[in-house]
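# Commentary on secondary and tertiary structure
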Amino acid sequence: MRSARGRWFVAALIVLGAALYVVHRSREPDGRRLPSSRQGASREEAPREGASRRASAGPPAVLGSTELAAAALDLPVIGPSPDDRHDGPAHPHPITPRHLEIQHENGLIALLNDAMSARNGARMRELVHEVRRTHPRDSDPLQDGYEIIADCLEAPGEASRAAAEGYYAEHRASTVRRFVRTICLEGR
């Protein structure tokens, strides 16, 4: 005789299997969802080219705010009404100038990290100057940390090591602190 726990386990497996079967049957062979009966069979689905265009665009470039606005508005913004169409990928909220500024800053930081991985101090210095010019406020002094790393890469010595030790001791919560340690203090 089976225990109650075993019966619940078997029942859960059956329900899970049925749910997976329903999900599998509601999709076309290429992974797209089949149109539901509420949407009507007469509606034609337009092919989505945005994702393939973005995937083949190559490495991200540093763009100005005008280009960022055009790139960010590639997807439609969904309105708050339940009657608004929700039938494809869309932004969950409007893209504001602050969103664009954060996106631009994150892109520059990604480029800084790439230059740091390549041990290219000159490129890091260029990017730090661009970050300082376009994003002057700095909540935790990332810009100083990246500049210290660039100094360590371009001119290793006592002065750059002393600056790295000071940064490492003072900015304990900085996300760049570990890179200052490994590149400047440990010499890796």
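Look a little higher up for the structure.
Quick caveat, the model's predicted, so the values are computed rather than measured. Position numbers for residues start from 1 in each chain and track the written sequence from start to end. Selection of residues for local features in this predicted model requires a pLDDT of at least 70, selection of side-chain atom pairs for listing and counting requires 80 or more, and totals for whole chains, interfaces and linings are taken over all residues. Hydrogens and water are ignored here; the side-chain numbers use all heavy atoms of the structure.

This brings us to the packing of aromatic side chains. Only Phe, Tyr and Trp rings are paired, with Trp represented by its six-membered ring, and only when their centres lie within 6.5 Å; those with planes under 30 degrees apart are stacked, over 60 edge-to-face, the remainder tilted. All told, the structure shown has zero aromatic pairs when counted by the stated rule. For a ring to carry a charge above it, either NZ of a lysine or CZ of an arginine must fall within 6 Å of the ring centroid while also lying within 35 degrees of the normal to the ring plane. Over the ring of Tyr168 we find Arg177; its NZ or CZ atom is 3.7 Å from the centre of that ring.

The subject of this paragraph is helix 8 (residues 177–185). A turn of α-helix holds 3.6 residues, and therefore any two residues three or four places apart point the same way. Only protein chains enter the accessibility calculation, which uses a 1.4 Å probe; a residue whose area is less than 20% of its type maximum is buried, one above 50% is exposed, and one in between is partly exposed. Put simply, DSSP H or I for four residues or longer makes a helix, DSSP E for two residues or longer makes a strand, and each gets a number counted from the N terminus. For helix 8, the set of buried residues is Arg177, Val180, Thr182, Ile183 and Cys184. On its buried face, helix 8 sits against helix 4 (97–117), helix 6 (142–154) and helix 7 (158–170). Of the residues one or two after helix 8, Gly187 is the one with positive phi, at around 70°. In what follows, residue pairs with any heavy atoms lying within 4.5 Å of each other are defined as contacts.

Take the packing of helix 4 against helix 6 next. Here an angle of 0 to 180 degrees is reported between the N-to-C directions of two axes, which are lines fitted to C-alpha atoms, with helices fitted over the stretch in contact. The geometry of helix 4 relative to helix 6 is characterised by a closest axis approach of 11 Å and an angle of 20° between their N-to-C directions. For the element pair helix 4 / helix 6, the angle class is roughly parallel. The two elements helix 4 and helix 6 cross, and the hand of that crossing is left-handed. Residues Ile109, Leu112, Asn113 and Met116 of helix 4 touch helix 6, and the partners they reach there are Leu142, Tyr146 and Ile149. Relative orientations are named as follows: roughly parallel for angles under 35 degrees, roughly antiparallel for angles over 145 degrees, roughly perpendicular for angles from 65 to 115 degrees, and oblique for any other angle. Note on convention: the crossing is left-handed when the near helix lies turned anticlockwise from the far helix by less than a right angle, right-handed when the turn is clockwise.

Next up on the list: the state of the cysteines. The term disulfide is used for any two cysteine sulfur atoms that are within 2.5 Å. Taken as a whole, this structure holds one disulfide when the rule is applied. Paired by a disulfide, Cys152 and Cys184 hold their sulfur atoms 2.2 Å apart. Residues Cys152 and Cys184 are joined by a disulfide whose S-S torsion is about 120°; by sign, that bridge is right-handed. Placement of the pair is Cys152 in helix 6 and Cys184 in helix 8, with a sequence separation of 32 residues. For Cys152, a relative accessible area of 10% translates into the label buried. Classification of Cys184 as buried rests on a relative accessible area of 10%.

Moving on, we come to the nonpolar core. Residues grouped as a nonpolar core are buried Ala, Val, Leu, Ile, Met, Phe, Trp, Tyr and Cys residues, joined through side-chain atoms within 4.5 Å. If you look at the biggest cluster of nonpolar residues, it comprises 22 residues, and the most contacted ones within it are Leu112, Met124, Tyr146, Ile149, Val176, Val180 and Cys184. Sorting the residues of this core by element identifies helix 4, helix 5 (121–134), helix 6, helix 7 and helix 8 as the ones contributing at least two each. Apart from the residues lying within four places of it in its own chain, the contact partners of Cys184 are Ile148, Ile149, Cys152, Arg161, Ala164 and Phe179.

Pairing between side chains of opposite charge can happen when the charged atoms of each approach one another. The term salt bridge refers to a side-chain nitrogen of Lys or Arg lying within 4 Å of a carboxyl oxygen of Asp or Glu. Applying the stated criterion to the full structure yields ten salt bridges. Ionic pairing is found between Glu101 and Arg98, a salt bridge with its closest N-O pair at 3.2 Å. With a gap of three residues between them, Glu101 and Arg98 both fall in helix 4, about one helical turn apart. A relative accessible area of 39% places Arg98 in the partly exposed class. Ionic pairing is found between Arg125 and Glu147, a salt bridge with its closest N-O pair at 3.5 Å. Here Arg125 is found in helix 5, whereas its partner Glu147 is found in helix 6, with 22 residues between them in sequence. Among the charged side chains, a network of salt bridges with common partners joins Arg125, Arg132, Asp144, Glu147, Asp151 and Glu154.

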